2 protein chains.
Amino acid sequence: MKEQKIPKETIKRLPLYYRCLNRLVVLGKDTLSSTELSEYLGIKPTQIRKDLSYFGDFGTRGVGYDLRKLFKEIESILNLERSWNIAIAGVSNIGCAIMDLLDFNHSGFNIVAAFDSDNRVVGSNIYGITIQDLDNLKECTADEPIDIGIIAVDPVDAREVANCLVDKGVKGIVNFAPTLLNLPKEIEVVQMDLTSELGWLVFYIGHR
Amino acid sequence: MKEQKIPKETIKRLPLYYRCLNRLVVLGKDTLSSTELSEYLGIKPTQIRKDLSYFGDFGTRGVGYDLRKLFKEIESILNLERSWNIAIAGVSNIGCAIMDLLDFNHSGFNIVAAFDSDNRVVGSNIYGITIQDLDNLKECTADEPIDIGIIAVDPVDAREVANCLVDKGVKGIVNFAPTLLNLPKEIEVVQMDLTSELGWLVFYIGHR
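Residues numbered from 1 in each chain as written. Chains lettered and ligands numbered in written order. Predicted model: local features only at pLDDT ≥ 70, side-chain atom pairs only at ≥ 80, totals over all residues. Heavy atoms only, no water.

## Describing the overall build of chain A
Heads up, the condition is: Put simply, DSSP H or I for four residues or longer makes a helix, DSSP E for two residues or longer makes a strand, and each gets a number counted from the N terminus. Accessibility here uses a 1.4 Å probe with only protein chains present; expressed as a share of the type maximum, an area under 20% marks a residue as buried, one over 50% as exposed, and anything in between as partly exposed. The criterion used for residue contact is that any of the two residues' heavy atoms lie within 4.5 Å. Shrake-Rupley sampling with a 1.4 Å probe provides the accessible areas, and residues are treated as covered by the protein chains on show and by no other component. A positive count includes Lys and Arg, and a negative count includes Asp and Glu. His and the chain ends are not counted in either. A charge is said to be at NZ when it belongs to Lys, at CZ for Arg, at CG for Asp and at CD for Glu.
Scanning chain A from terminus to terminus reveals 7 helices and 10 strands. Expressed as lengths along the three principal axes of its C-alpha atoms, the size of chain A is roughly 60 × 45 × 30 Å. Taken across its 208 residues, chain A has 50% of its residues classed as buried. Of all intrachain contacts in chain A linking residues separated by at least 6 positions in sequence, the fraction that spans at least 24 positions is 53%. With the model as given, the accessible surface of chain A reaches about 10,200 Å², and the carbon-plus-sulfur share is 47%. Of note, chain A has its 23 positive side-chain charges centred 11 Å away from the centre of its 29 negative side-chain charges.

Right, dumping it as structure tokens:
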């Protein structure tokens, strides 16, 4: 497999393949054609065949794909053979919904620490995690290293929180605050800010 | 202004400019230099000057940008002079957090209808909106046209819900479900699926 040659759009689809294949393997399926996979995924069979061809030969004409082998390969490519530790900053509303989502998904992403600035929440327990004071983020000692930070705090606090998380050694950040973060190039950042996305959406709707 | 020439990355930043300028105007500021704006936005002054140059001449050397004029122009470009009606499908956890976010933001995005499949929630009132049965989405009559649909339902239901929303006349969809939607090309879709974003994040972390 030559990773460098895989298009970004294919990589973007891998988590969807991963989740779909996981469900099919759990359901006891062994093989499935690209046409059948297309039904589940909402991706054209030709696109599926092209995407998967980057990772090796998993299909047999007339039989379909070896689902377990394919699942294992995509799991390995996505680095989901191991689990990833997450710290979440901000647990009001969106933060709490995220905790519920990850807890429910058993997705290989473990929340190991959670922080909030609201005194009424600090010390309480959400999904088995004791909420720590956001002010203690700098000093906190997690039992396990934190790989990824999720930021769901007030926009004005987002940059400082991001810097603290980087000091803690996170390698990637998902930012739900509508604030651009200025982080070192080696930190991967995913921006997930609804009002920005809506702004961008209506720009394109209006300019059609 | 030649819209066609504006780079996508600049457009992506416009909602952040918009929100920041809005706050500064409300705070009573009249002018601000690109260096001061840079502090607020976390964007380099050179980038700010370049971005804003696409939309006209708002700055005076030594004085700074005319904030109100700039704000009005960006508001117009983003089509935020008018308000946009939103229907939200799925109000458990993430959906509820979205309702809270939009209600709190007074952002020009109005939730005019909300749907859920959970009998315990249908008929209840969240942020002034009576939750309707998701099964009625097809037949529901909204008092006002729906511009945008937000999907926060189970992944297996997302595609059907999306089709219903398109039948209702929405022009854009924000999809929080980890499901690819197959919609007509004229419908703008923003995919906001946390576990896919996390999958993609750890791919890049692992392949550094």
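And the narrative resumes.
## Details of the packing of aromatic side chains
Heads up, the condition is: In this scheme Phe, Tyr and Trp rings, the latter by its six-membered ring, pair at centre separations within 6.5 Å, and the angle between planes marks the pair as stacked below 30 degrees, edge-to-face above 60, and tilted otherwise.
Under the counting rule described, the total for this entry stands at 6 aromatic pairs over all chains. Taking 5.1 Å as the distance between ring centres and 90 degrees as the angle between the ring planes, the aromatic pair formed by F203(A) and Y204(A) counts as edge-to-face. Exposure remark for F203(A): the relative accessible area of 4% places this residue in the buried category. Ring centres 5.1 Å apart and planes at 75 degrees place the aromatic pair W200(B) and Y204(B) in the edge-to-face group.

## Some points on the domain arrangement of chain A
Heads up, the condition is: These domain limits were set by an automatic method or by a database of domain assignments.
Parsing chain A into structural domains produces domain 1 (8–77) and domain 2 (84–196). The C-alpha centroid of domain 2 of chain A is placed 32 Å from the C-alpha centroid of domain 1 of chain A.

## Thoughts on the relation of the copies chain B and chain A
One copy of the chain maps onto the second through a rotation around an axis plus a translation along that axis. Note the following rule: Superposing the copies works by least squares over the C-alpha atoms of residues that have pLDDT at least 70 in both of them.
Turning chain B through 180 degrees and shifting it by 0.0 Å along the axis lays it on chain A, with an RMSD of 0.0 Å. Taken together, the rotation and translation relating the two chain copies correspond to the operation of a two-fold axis. Here 100% of the contact residues of chain B are again contact residues in chain A; the copies associate through an equivalent surface.

## Side note on the side chain of N175(A)
All names here are of chain A. Cut-off, in case you're wondering: Pairs of N or O atoms within 3.5 Å make up the polar contacts considered here, provided that, within protein, one atom can donate a hydrogen while the other can accept it, and that residues adjacent in sequence are counted only when both atoms are side-chain atoms.
When you line up the elements, N175 lands in strand β9 (residues 172–175). For N175, the side chain forms a polar contact with the main-chain nitrogen of A177, separated by 3.0 Å. For N175, the residues in contact, after removing those within four places along its chain, are I151, A158, L181, V190, Q191, M192 and D193.

## Observations regarding the sheet that holds strand β8 (residues 148–151) of chain B
Rule in force here: The rule for pairing is simple: two strands pair if DSSP sees at least two bridges between them. Lines fitted to the C-alpha atoms define the axes, with helices restricted to the stretch that makes contact. Angles between their N-to-C directions range from 0 to 180 degrees.
Taken in spatial order, the 7 strands of this open sheet run β6-β7-β5-β4-β8-β9-β10 (chain B), and their pairing is mixed. Strands at the two margins of the open sheet, each flanked by one partner only, are β6 (125–126) and β10 (188–191) of chain B. As judged from the 3 bridges shared by strand β5 (residues 109–116) of chain B and strand β7 (residues 129–133) of chain B, these two strands associate in the parallel manner. Looking across to β7(B), one finds that D116(B) is bridged to D133(B). The strands touched by helix α7 (residues 194–206) of chain A are β4 (84–89), β5, β8, β9 (172–175) and β10 of chain B; relative to β10(B), the strand with the most contacts, the crossing angle is about 160 degrees. Contacts from helix α6 (residues 155–167) of chain B reach β4, β8 and β9 of chain B within the one sheet, and its direction differs from that of β8(B) by about 170 degrees.

## Let's talk about the interface of chain B and chain A
Rules: Once two parts are brought into contact, the accessible area they lose, counted with a 1.4 Å probe and summed over both, makes up the buried area. For this analysis, a salt bridge means a side-chain nitrogen from Lys or Arg found within 4 Å of a carboxyl oxygen belonging to Asp or Glu.
With 64 residues of chain B at the contact, the number on the chain A side is 64 residues. Across the chain B/chain A interface, buried area totals approximately 5,900 Å², and carbon plus sulfur atoms make up 70% of it. The largest per-residue losses of area from chain B upon contact with chain A belong to E188(B), L194(B) and W200(B), which jointly make up 11% of the total buried on that side. On the surface where chain B and chain A come into contact, there are 2 salt bridges. With a closest N to O distance of 3.9 Å, R19(A) and D193(B) form a salt bridge.

## With respect to the sheet that holds strand β2 (residues 59–60) of chain B
Residues and elements named next belong to chain B. The 3 strands are arranged β1-β3-β2 in an open sheet whose pairing can be described as antiparallel. At either end of the open sheet lies a strand with only one pairing partner, and these are β1 (31–32) and β2. Relative to strand β3 (residues 64–66), β1 runs antiparallel, the two sharing 2 bridges. Within β3, the residue paired with T31 across the bridge is D66.

## Examining a positive patch on the surface
Rules: Patch rule: a residue counts if its relative accessible area is over 30% and it has no salt bridge; like charges are joined within 9 Å, and nonpolar side chains (Val, Leu, Ile, Met, Phe, Trp, Tyr) within 5 Å.
Taken together, the side chains of K8(A), K12(A), K8(B) and K12(B) make up a positively charged region of the molecular surface. Looking at the positive patch, the elements with two or more residues in it are α1 (8–26) of chain A together with α1 (8–26) of chain B. Tracing the backbone shows K12(B) in helix α1. Residue K12(B) is classed as partly exposed on the basis of its relative accessible area of 35%.

## Concerning the packing of α1(A) against helix α7 (residues 194–206) of chain B
Definition in use: Here the word oblique covers every angle except those under 35 degrees (roughly parallel), over 145 (roughly antiparallel) and from 65 to 115 (roughly perpendicular). Less than a right angle of anticlockwise turn of the near helix away from the far helix marks a crossing as left-handed, whereas a clockwise turn marks it as right-handed. Ten residue types, Ala, Val, Leu, Ile, Met, Phe, Trp, Tyr, Cys and Pro, are classed as nonpolar, four, Asp, Glu, Lys and Arg, as charged, and the remainder, Gly among them, as polar.
Packing of α1(A) against α7(B) brings their axes to within 9 Å, and their N-to-C directions diverge by 120 degrees. Considered as vectors, α1(A) and α7(B) are oriented oblique to each other. Crossing of α1(A) over α7(B) shows right-handed handedness. Residues K8(A), I11(A), K12(A), P15(A), L16(A) and R19(A) of α1(A) pack against T195(B), S196(B), E197(B), G199(B), W200(B), F203(B) and Y204(B) of α7(B). Its residues assigned to classes, the contact of α1(A) with α7(B) comprises 6 nonpolar, 3 polar and 4 charged.

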